[in-house]
Amino acid sequence: MAAEVIDGKAFAADVRGKVADHVARLKADHGLVPGLAVVLVGEDPASQVYVRNKGKQTVEAGMHSEEHRLDADVDEKTLLDTVARLNADPKIHGILVQLPLPSHLNSDLVINSIDPAKDVDGFHISNVGLLGTGQKSMVPCTPLGCLMLLRDRLGNLSGLNAVVVGRSNIVGKPMAQLLLGDSCTVTIAHSRTKEIEALCRTADILVAAVGRPEMVTGDWVKPGATVIDVGINRVPNGEKTKLVGDCDYASCAEVAGAITPVPGGVGPMTIACLLANTVTACCRANGLEEPA
Ligand code: NDP
């Protein structure tokens, strides 16, 4: 039987609708407008597309949006000064520095210069520590989006076996923490993992965050498993290009119980969660109740 398609696009639209409702209430009841600032260094085409979409959807949700574009050869002090100004700006509740940064800049230093309360990407060391110890934090957007899709499909995740393929700080590790927080039994696989196919076949929940086009095939998937494909890979398609995930959709969908497509799965959830995190940051900064 073919897998159920998890429609991240529709789910994300629903999340954005709830964000917009909350923003409207913040305005009406408290005169507050949540503000998101995105800092983009250089001209990486994929980053430019992400930043444009983030700005557009922020405005559509009724929030204040700022873009700060810096040249690819900007010096570290100028970038840190930009972040410091945004940290001090009361109009801004969320700050996102678009990654990857050019190699002459120290990403850890820059990310850790963001006020943790405004760190809507959840990459600041304080937020990483809070998440790891099960305390209230800013949760990274992509794994948060994956968790929302999983909870929606599976309800209670307690006791399920989850395998996360990929151990990056922005997807794999926080994804594993979130699944552990929901009482899954979690294994993180990576490029040195032995017999990875057999390991993946033990997973009730299989999350692929690898960055390798269509690496995970149907024979890696336990029948009936829920497969979350985080990958976004642009590959040649005749004269043009197309987007594919880290999973081979056709073969995985034959075995899985449910699967996220690429595009239209995890991708739209990332920006929706960014908007939700910005509203959360605004509420926390003003001592107001947070969105559910
Ligand atoms: P990274 O390159 O930072 O990490 C990739 C991880 O995959 C590493 O831990 C690496 O292992 C592991 N890996 C690489 N090759 C293999 C292999 N052959 N077998 C097993 N594991 C392997 O990537 P990201 O986490 O940043 O992103 C992963 C994917 O998700 C990319 O396609 C990216 O475009 C996409 N993405 C999508 C987002 C969205 O909004 N949907 C947001 C962010 C990312 P090791 O550590 O051992 O090298």
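What counts and how
- Residues numbered from 1 in each chain as written.
- Predicted model: local features only at pLDDT ≥ 70, side-chain atom pairs only at ≥ 80, totals over all residues.
- Domains from an automatic or database assignment.
- Axes fitted to C-alpha atoms, helices over the stretch in contact; angles between N-to-C directions.
- Helix = DSSP H or I, 4+ residues; strand = E, 2+ residues; numbered from the N terminus.
- Parallel < 35°, antiparallel > 145°, perpendicular 65-115°, else oblique.
- Left-handed = near helix turned anticlockwise from the far one by under 90°.
- Contact = placed C-beta atoms within 7 Å.
- Nonpolar A, V, L, I, M, F, W, Y, C, P; charged D, E, K, R; others polar.
- Buried ≥ 20, exposed ≤ 12 C-beta atoms within 10 Å, placed from the backbone.

1. Some thoughts on the domain arrangement of the protein
Phase 1: Examined at the domain level, the protein breaks down into domain 1 (32–116) and domain 2 (141–267).
Phase 2: A straight line from the C-alpha centre of domain 1 to that of domain 2 covers 28 Å.

2. A short note on the packing of helix 2 (residues 45–60) against helix 10 (residues 266–285)
Phase 1: Where helix 2 meets helix 10, the closest approach of the two axes is 10 Å, and the angle between their N-to-C directions is 50°. Considering their axes alone, helix 2 and helix 10 lie oblique with respect to each other. The two elements helix 2 and helix 10 cross, and the hand of that crossing is right-handed. Across the interface between the two elements, Asn53, Lys54, Gln57 and Thr58 of helix 2 pack against Ile271, Leu274 and Leu275 of helix 10.
Phase 2: Residues that form the contact of helix 2 with helix 10 fall into these classes: 3 nonpolar, 3 polar and 1 charged.

3. Here we look at unusual backbone geometry
Phase 1: Cis rather than trans, the peptide bond between Leu99 and Pro100 has omega equal to 0°.
Phase 2: Position of Pro100 among the secondary structure elements: in the loop between strand 4 (94–97) and helix 4 (107–111).
Phase 3: A cis geometry characterises the amide bond from Val262 onward to Pro263, with omega recorded as 0°.
Phase 4: Relative to the elements of secondary structure, Pro263 occurs in the loop between strand 11 (258–259) and helix 10.
Phase 5: At Glu214, a position not held by glycine, the phi torsion is positive, near 55°.
Phase 6: Mapped onto the elements, Glu214 comes out in the loop between strand 7 (205–208) and strand 8 (226–229).
Phase 7: Accessibility expressed as a C-beta count within 10 Å gives 20 for Glu214, which makes it buried.

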